[in-house]
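Examining the three-dimensional arrangement
One-letter residues, chain by chain:
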Amino acid sequence: MDRSQLRNMIASGRSIALDCYAIGEKIPEDDAMGMLFKTNIMNKSVILKRYEAALPTARQPVIVTTLIYFPYDYNNVYDGGESVSFNDSGFYQALSFKIAKGDPTPELLERIEDDVKMLSFFDSLHSLDPFLLKSKAEQSEIEDRIHPTYFAISPQEWERIRLPIRDKISKLVSKALGDTGETGGNDGRAREQYVERFLMKIWEAKDVNGIEPFIDAMQIDPKHAPEIFFAWKAICYYQVRFNDILEALKTLFKWAGNNQLCFPVDFVSLSDDEQKRIKEKREVLRQKMREGYINANQVLGAYETSYDDFVDKDQPETFMSFLVNAENSYLLLANHVSIATHSVNLWKWYVEQFGAELRYAQFKELFDGLVTLYGADKSDDAFEVL
């Protein structure tokens, strides 16, 4: 990946990139909570998420891996560096060697192990969206160990996203508990408080203690309930997020679908081979964009239909089935909505800087960035060597 693509990948949003050094620079040295990691080199790294389509026979539809990128120049993270996959079997040894530059001391090993535990937390996330990062930290009970700067979400934005999610969950919980006959009788206040207790347990997604009636009503395996509840909340989040970017995404699609706009304005200076390459990649990019949009809509449509069937038509079966597969639905949305969010941010930046009709140099940076994000050119192995 060249420098412009590295910049585009890191700077175009938080969904798939967490620049630990840039964030850490904003935290005062004497801050009581301090940096995210125990070792200096990890606090100067960038965490990246990579999505790859799984084989049709795989249990999950998308493979998500976590990459750790170590810049050569910490003050210019876009100037190249080394990367290693957290999911590789030799990751721990590779990280230890890089940090210690030899055999680590017992004290350093302890700090490395703490950092690997924190990386395991990040690896458990399907994306690095601030809302989901904070939600997962709360569920894992490590929120107090992570400086709020890393969450990058204001209380106002948190509430803006949280309220419609809670509203949808609350209506369904109330409906499900109404079927059990255990919502406090005719006392409206008692019923509200009862539903609120269930809602909080589901929102926290930590355990099922005290919400057994809801678990039984929804026929959920108690062992898997916390993961299902978190995935449910994540799906609700992506519904909000997808709606937020929808108009901008459609505008991006119109740009990409326009043969004149999605082509260098100074194309006459390009060789026939280069023009052909762009046109071929453009067709693949358009197909990937369509697939991503359709897949995201299908997941959200299936969720909304099953939800409405339960709440409005007293038909819970479809929603209960949806919850069983909520993890895969969350995974698909993390892939498609995260990529779409980064692509919209990237496209907006270039259009605002240079206009909708781009000369070859700027067009190539933007075009290759979109191609990389949507996986329209897997032969480039964009994330492997940075």
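One structure accompanies this document, and this report is about it.

Thresholds applied
Residues numbered from 1 in each chain as written. Predicted model: local features only at pLDDT ≥ 70, side-chain atom pairs only at ≥ 80, totals over all residues. Heavy atoms only, no water. Helix = DSSP H or I, 4+ residues; strand = E, 2+ residues; numbered from the N terminus. Rg over C-alpha atoms; globule rule 2.2 N^0.38 Å. Buried < 20%, exposed > 50% of the residue type's maximum accessible area, 1.4 Å probe, protein only. Contact = heavy atoms within 4.5 Å. Pairing = 2+ DSSP bridges. Axes fitted to C-alpha atoms, helices over the stretch in contact; angles between N-to-C directions. Salt bridge = Lys/Arg side-chain N within 4 Å of Asp/Glu carboxyl O. Arc of directions from axis to C-beta.

Remarks on the overall build of the protein
- Looking only at helices and strands, the protein features 14 helices and four strands.
- Relative to the compact-globule value of 21 Å for 386 residues, the protein shows a C-alpha radius of gyration of 23 Å, a close match.
- Structurally, the protein occupies a C-alpha span of about 75 × 60 × 40 Å along its principal axes.
- For the protein, with 386 residues in total, the buried portion stands at 51%.
- Here the analysis covers contacts within the protein between residues at least 6 apart in sequence; of these, 68% occur between residues at least 24 apart.

Some details on the sheet that holds strand β1 (residues 17–19)
- Judged by pairing direction, the sheet is antiparallel, and its four strands sit side by side in the order β1-β2-β3-β4 without closing on themselves. Both outer strands of the open sheet, β1 and β4 (81–85), are each paired with one neighbouring strand and no more. Pairs of neighbouring strands in the sheet enclose a mean axial angle of 25 degrees, with direction left out of account.
- Note that strand β3 (residues 62–71) and β4 share five bridges and pair antiparallel. Bridging from a neighbouring strand, L67 pairs with S85 of β4.

Overview of the environment of Q60
- For Q60, the location among the structural elements is in the loop between β2 (46–53) and β3.
- Sequence-wise, Q60 and N325 are 265 residues apart; in three dimensions their C-alpha atoms are separated by 10.0 Å.
- In contact with Q60, not counting residues within four places along its chain, are A54, E327, N328 and L331.

Describing the pattern of salt bridges
- As enumerated under the stated definition, the model contains 19 salt bridges in all.
- With its nearest N and O atoms 2.8 Å apart, the salt bridge here joins E107 to R111. Taken together, the positions of E107 and R111, both in helix α4 (residues 106–123) and four residues apart, correspond to about one turn of that helix.
- Taking the relative accessible area as the measure of exposure, R111 reaches 28% and is therefore partly exposed.
- With its nearest N and O atoms 3.5 Å apart, the salt bridge here joins E141 to K206. Placement of the pair is E141 in the loop between α5 (130–139) and α6 (148–151) and K206 in the loop between α8 (188–204) and α9 (212–217), with a sequence separation of 65 residues.
- Residue classification places K206 among the partly exposed positions, given a relative accessible area of 34%.

Here we look at the side chain of Q139
- Tracing the sequence through the fold places Q139 in helix α5.
- A relative accessible area of 15% places Q139 in the buried class.
- Aside from chain neighbours lying at most four places away, what touches Q139 is E204, A205, K206, P226 and F230.

Quick look at the pairing of β3
- β3 sits mainly inside the fold: nine of its ten residues count as buried.
- In this sheet, β3 lies alongside β2 in antiparallel orientation, the contact comprising eight bridges. When the sheet's bridge partners are listed, R50 is paired in β3 with T65.

Structural notes on unusual backbone geometry
- Positioned with a positive phi, A152 is a non-glycine residue whose angle comes to about 55 degrees.
- When you line up the elements, A152 lands in the loop between α6 and α7 (155–180).
- By relative accessible area, which is 47% here, A152 ends up partly exposed.
- Positive phi outside glycine occurs at Q219, with the angle close to 55 degrees.
- Taking relative accessible area as the criterion, Q219 reaches 63% and is therefore assigned exposed.

Examining helix α12 (residues 317–324)
- Residues of α12 that are buried: F319, M320, F322 and L323. All buried residues of α12 project into a common sector of 160 degrees when viewed along the axis, lining one side. Across from the buried face of α12, at angles greater than 90 degrees, the exposed residues are E317 and V324.

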